[in-house]
Amino acid sequence: TIRLTLVSSHPHARAAAVSHPEPRSGWAERPDPPYAWKPAYSGAASESQRAYVKNGATVDCYIAFYERQRQGAELIQYHNVIVAREDAVWRNVGERSLRLRSGREELSVRETDVRATNAHLLVWHWYWLPDEFTVDPRWTKLLQARARLLHHRDHAAVVVLSTSVLEDSAGAAHLAQFVDDMLPSIRQTLRRADESR
């Protein structure tokens, strides 16, 4: 009798599940999404999206986690953008790079203005590679190539924060407060997903 056994090329591989960052410093999870928008990232091994509220501010936190990256399932690719080019409702109306200080840490983020007919979002995003934050896609690709050459894990993620901007709303201040308070939780969430592989 011939018995066939299928063996995975990654025998111990399993999709790392990225969780929602734990609320801290007065932020609380909001049960319902604040608006019908989601960044256009595909091919992730795992995603999480959760809104948080504090003192009248609402910030939505989206994380897409990538592992064992390959064509169509990699973080840095043409189709992975804040707003899909073919999106009929939302559009990217401008972006710029910012440099923040959170505690002792400096963080570079990419800020995008996202608009619909009756909505305006301010969006910040950056990339994560094991314990390093960057906003530069070329540096991200370089670090991933180095990881593969050294036979290290090529895990990576994008962190996307968004908040609704009203006429009198300090959207950037809300995002900056969220980063200041929640960055340790975001980092811990990414470490857990990284180590669960």
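Just so it is clear, the model here is predicted, and its values are computed rather than measured.

About the cut-offs
- All residue numbers refer to position in the chain's written sequence, counted from 1.
- Totals for whole chains, interfaces and linings use all residues, but because this is a predicted model, local features are given only for residues with pLDDT of at least 70 and pairs of side-chain atoms are given and counted only at 80 or more.
- The side-chain figures draw on all heavy atoms in the structure; neither hydrogens nor water molecules are used.
- In DSSP terms, a helix is any run of H or I states spanning at least four residues, a strand is any run of E spanning at least two, and both are numbered starting from the N terminus.
- The rule is simple: take the accessible area with a 1.4 Å probe, protein chains only, and divide by the maximum for that residue type; under 20% is buried, over 50% is exposed, in between is partly exposed.
- Residues are treated as being in contact if the distance between any of their heavy atoms lies within 4.5 Å.
- The protein chains shown are the only cover counted for residues, whose accessible areas, like all others here, come from Shrake-Rupley with a 1.4 Å probe.
- Each pair of strands is called paired provided DSSP finds at least two bridges between the two strands.
- Among the buried residues, those of types Ala, Val, Leu, Ile, Met, Phe, Trp, Tyr and Cys that are joined through side-chain atoms within 4.5 Å form a nonpolar core.
- Of the two site types, the cavity is a set of points on a 1 Å grid over the protein atoms alone where a 1.4 Å probe fits but cannot get out, and the pocket is an open set with protein on both sides within 12 Å along at least five of seven lines, each lined by residues with an atom within 4 Å of a point.
- Grid points are joined across faces, edges and corners, and a volume is the space filled by probe spheres set on the points.
- Classification used: nonpolar for Ala, Val, Leu, Ile, Met, Phe, Trp, Tyr, Cys and Pro, charged for Asp, Glu, Lys and Arg, polar for all others including Gly.
- For a helix, the expected span equals 1.5 Å multiplied by the number of residues minus one.
- Two axes are fitted around each residue, one to the seven residues ending there and one to the seven starting there, and the angle between them is reported as the bend at that residue.

### Some points on the overall build of the chain
Turning to step 1, where the next piece is worked out: Across its full length, the chain carries two helices and eight strands.
Turning to step 2, where the next piece is worked out: For the chain, the succession of helices and strands along the chain, N to C, is β-β-β-β-β-β-β-α-β-α.
Turning to step 3, where the next piece is worked out: Within the chain, the fraction of its 197 residues that count as buried is 44%.
Turning to step 4, where the next piece is worked out: Counting only contacts in the chain whose residues sit at least 6 apart along the sequence, the fraction spanning at least 24 positions is 66%.
Turning to step 5, where the next piece is worked out: Here the chain displays about 11100 Å² of accessible surface, and carbon together with sulfur accounts for 49% of that area.

### Describing the environment of serine 196
Turning to step 1, where the next piece is worked out: Within the secondary structure, serine 196 sits in the segment after α2 (171-195).
Turning to step 2, where the next piece is worked out: Between the C-alpha atoms of serine 196 and valine 18, which are 178 residues apart in sequence, the distance is 9.2 Å.

### Concerning the pairing of strand β6 (residues 119-129)
Turning to step 1, where the next piece is worked out: For β6, the buried fraction is high: ten of the eleven residues fall into the buried class.
Turning to step 2, where the next piece is worked out: By the bridge criterion, seven bridges tie strand β5 (residues 105-116) to β6 in an arrangement that is antiparallel. Considered in β6, the bridge of arginine 115 is made with histidine 120.
Turning to step 3, where the next piece is worked out: The antiparallel hairpin formed by β5 and β6 contains two residues in its connecting segment.
Turning to step 4, where the next piece is worked out: Of the pairings in the sheet, the one linking β6 to strand β8 (residues 156-164) comprises eight bridges and is antiparallel in character.

### Quick word on the nonpolar core
Turning to step 1, where the next piece is worked out: Counting residues in hydrophobic clusters, the biggest one holds 28 residues, and the most contacted among them are Trp124, Trp126, Leu161, Phe178 and Leu190.
Turning to step 2, where the next piece is worked out: Breaking this core down by element, the ones donating at least two residues are β3 (57-66), β4 (91-102), β5, β6, β8 and α2.
Turning to step 3, where the next piece is worked out: Ranked by residues supplied to this core, first place goes to α2 with eight residues.
Turning to step 4, where the next piece is worked out: Ignoring any residue separated from it by four or fewer positions in sequence, one finds tryptophan 126 in contact with Leu107, Ser108, Val109, Phe133, Thr134, Ala157, Val158, Val159, Leu161, Val179 and Leu183.
Turning to step 5, where the next piece is worked out: Tyr62, Tyr66, Ala116 and Tyr127 belong to the second largest nonpolar core, which has 21 residues in total.

### Thoughts on the environment of valine 53
Turning to step 1, where the next piece is worked out: Examined against the element boundaries, valine 53 turns out to sit in strand β2 (residues 46-54).
Turning to step 2, where the next piece is worked out: By relative accessible area, valine 53 is classed as partly exposed at 27%.

### Quick look at the side chain of threonine 112
Turning to step 1, where the next piece is worked out: Inspection of the secondary structure assignment puts threonine 112 in strand β5.
Turning to step 2, where the next piece is worked out: Residue threonine 112 is classed as buried on the basis of its relative accessible area, which comes to 1%.

### Focus on the layout of surface pockets
Turning to step 1, where the next piece is worked out: Put simply, the largest pocket is a space of about 340 Å³.
Turning to step 2, where the next piece is worked out: Taken together, 18 residues form the lining of the largest pocket, with Asn80, Val81, Glu95, His125 and Tyr127 sitting closest to its centre.
Turning to step 3, where the next piece is worked out: When contributions to the lining of the largest pocket are tallied by element, the ones reaching two or more residues are β4, β5 and β6.
Turning to step 4, where the next piece is worked out: Here the residues of the lining of the largest pocket are counted per class, giving ten nonpolar, five polar and three charged.

### Considering α2
Turning to step 1, where the next piece is worked out: Helix length check: α2, at 25 residues, gives a terminal C-alpha distance of 34 Å against a target of 36 Å (1.5 Å per residue), a fit within 8%.
Turning to step 2, where the next piece is worked out: Remark: the principal bend of α2, roughly 60°, maps to methionine 182, with a proline, proline 184, within the next four residues.

### Comments concerning the environment of isoleucine 76
Turning to step 1, where the next piece is worked out: Within the fold, isoleucine 76 resides in the loop between β3 and β4.
Turning to step 2, where the next piece is worked out: Of the residues examined, isoleucine 76 reaches a relative accessible area of 17% and is grouped as buried.
Turning to step 3, where the next piece is worked out: Spatially, the C-alpha atom of isoleucine 76 lies 9.7 Å from that of alanine 157, the residues being 81 residues apart in sequence.
Turning to step 4, where the next piece is worked out: Once you skip the residues sitting within four places of it in the chain, isoleucine 76 turns out to touch Tyr127, Pro137, Thr140 and Lys141.

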